[in-house]
Amino acid sequence: MVRFLMVALVAVAMAGCASNVVTDYNSTVVFGDYTTWAFATGAGNSTFVSLDGNRVQNAVERELARKAMSKVEESEANLLVSWQIVEQERLERSGVGLGMGFGTGNFGWGLSAPPPVREVTEGKLVVELVEASSEKVVWRAASRRYLTENQSPKSRSKLVDEVVAEMFSKYPPELD
């Protein structure tokens, strides 16, 4: 019993250490040179900013302010922030499969049906920082946590805040 509890605690601890965000960056860039930023034209890839878009923009503004970076007009910015919520479809099994069978000795028959499957739409947040002068991406973060269609507004806001905070906890990157 004690051994089982120890294994369970180690598994929970390791799961807690797993990052919910993946980042990539240009290792030749001096990130300390960037002091100003603006949202890129077309950030969010929509003609209007959705409710989730407002949540993302507010979270990004808050995190970059914590990094002592100033929000300015796009024409004056060192970095342009581009973001999008990438929709993905996945199949989710729900419920229980059914099966029955009969047989005697070494012979038998069986019939089963898999559990019902439904299609779920999820949204993965991707944030990119683009150097304004060269128009090249210098830093990118993608979430491993997803917005789903059945989340409440409160849980959506909380998730966006957590994900964006974790993304920018890795900015500027620690260069190797």
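Note that the structure is predicted; figures quoted are calculated from it, not measured.

### With respect to the packing of aromatic side chains
Enumeration according to the criterion identifies 7 aromatic pairs in this entry. With a centroid separation of 5.6 Å and 90° between ring planes, the pair formed by phenylalanine 31 and tyrosine 171 is classed as edge-to-face. One end of the pair, phenylalanine 31, is in the loop between strand 1 (21-25) and strand 2 (36-39); the other, tyrosine 171, is in the segment after helix 3 (153-168), and 140 residues separate them in sequence. Across the pair, exposure class does not vary: phenylalanine 31 and tyrosine 171 are buried alike. For the ring pair phenylalanine 168 and tyrosine 171, a centre distance of 6.4 Å and an interplane angle of 75° mean the geometry is edge-to-face. The same class applies to phenylalanine 168 and to tyrosine 171, which are both buried. Here the aromatic cluster, defined as three or more aromatic residues joined through ring pairs, consists of Tyr25, Phe31, Tyr34, Trp139, Phe168 and Tyr171.

### Regarding the environment of glutamate 149
Here glutamate 149 is to be found in the loop between strand 8 (136-148) and helix 3. Sequence-wise, glutamate 149 and glycine 123 are 26 residues apart; in three dimensions their C-alpha atoms are separated by 8.7 Å.

Rules of the game
Residues numbered from 1 in each chain as written. Predicted model: local features only at pLDDT ≥ 70, side-chain atom pairs only at ≥ 80, totals over all residues. Heavy atoms only, no water. Phe/Tyr/Trp six-rings, centres within 6.5 Å; stacked < 30°, edge-to-face > 60°. Helix = DSSP H or I, 4+ residues; strand = E, 2+ residues; numbered from the N terminus. Buried < 20%, exposed > 50% of the residue type's maximum accessible area, 1.4 Å probe, protein only.

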